[in-house]
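Below are the chains, spelled out letter by letter.
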Amino acid sequence: MSPQVKTILLAVDFSEAAQYLAEYATLFARGLDARLLVLYVSPSMNRYASLYVPTENIKALVEQILEGANRVMGEFMAERFVGVAAEGRVEYGYAPEKILETARKVAADMIIMGTHGRRGVERIPFGSVAEKVVKTARIPVLTVRPA
């Protein structure tokens, strides 16, 4: 029995590299006649509770972040996945766990993700996220290092 790829999970962070990843994912989805699930994981704000930030403030901030992320996801999907069976999803939590959990829930056959996120002050350690996913995933993971 040969492997089949029917569902691909594309993990994005909305950095400039996301466009490049979208092109790879589209190439694979079209070539394999697979559907795409595009996932953005908003980082957990729990670490700020220990800094005596009121829980209500953290909850309000999280709601605003998720609302903004859903808006950006909608735009991202409309611009980059025309003519491809694709769905966008925003989750909240620890990125490696959420990526793997979502891949299991949707029975993904493959994960595509970048090896670097943003740079400078806004830098997200996406390389470490990719490393954790690669080390623990039970399905193939294609890591793409944006040019």
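Description of the structure in this document. (Residues numbered from 1 in each chain as written. Predicted model: local features only at pLDDT ≥ 70, side-chain atom pairs only at ≥ 80, totals over all residues. Heavy atoms only, no water.)

For the rest of this paragraph, the subject is the packing of aromatic side chains. Under the criterion given, the structure shown has 4 aromatic pairs. Seen in terms of ring centroids, F14 and F76 are 5.7 Å apart; in terms of plane orientation they differ by 70 degrees. Their pairing is edge-to-face. With F14 in the loop between strand 1 (7-12) and helix 1 (17-32) and F76 in helix 2 (residues 55-80), the pair connects residues that are 62 residues apart, well separated along the chain. Given the relative accessible area of 5%, F76 is considered buried. (Phe/Tyr/Trp six-rings, centres within 6.5 Å; stacked < 30°, edge-to-face > 60°. Helix = DSSP H or I, 4+ residues; strand = E, 2+ residues; numbered from the N terminus. Buried < 20%, exposed > 50% of the residue type's maximum accessible area, 1.4 Å probe, protein only.)

Right, let's get into the nonpolar core. In a soluble, globular protein the nonpolar side chains are often hidden away together inside. Judged by nonpolar contacts, the single largest core of 24 residues is most densely connected at L10, V12, V38, M73, F76, F81 and I112. The greatest single-element share of this core, amounting to 5 residues, is contributed by helix 1. Counting 17 residues, the second largest nonpolar core, distinct from the first, contains I99, L100, A103 and A108. (Core = buried A, V, L, I, M, F, W, Y, C linked by side-chain atoms within 4.5 Å.)

Before going further, it helps to spend a moment on the sheet that holds strand 5 (residues 141-144). Within a beta sheet, neighbouring strands are joined by backbone hydrogen bonds and run either parallel or antiparallel to one another. Here 5 strands make up an open sheet; going across it, the order is 3-2-1-4-5 and the pairing parallel. The sheet is open, and its two edges are formed by strand 3 (86-92) and strand 5, each paired on a single side. Mean inter-strand twist for the sheet, computed between neighbouring axes without regard to direction, equals 20 degrees. Inspection of the sheet shows strand 4 (residues 110-114) paired to strand 5 by 4 bridges, in the parallel sense. Within strand 5, the residue paired with I111 across the bridge is V141. Running at roughly 165 degrees to strand 3, helix 2 makes contact with strand 1, strand 2 (35-42) and strand 3 of the sheet. Against the sheet, helix 3 (residues 95-105) engages strand 1, strand 2, strand 3 and strand 4, with an angle of about 155 degrees to strand 2. (Pairing = 2+ DSSP bridges. Axes fitted to C-alpha atoms, helices over the stretch in contact; angles between N-to-C directions. Contact = heavy atoms within 4.5 Å.)

Treat this as a map of the structure, not an account of what it does.
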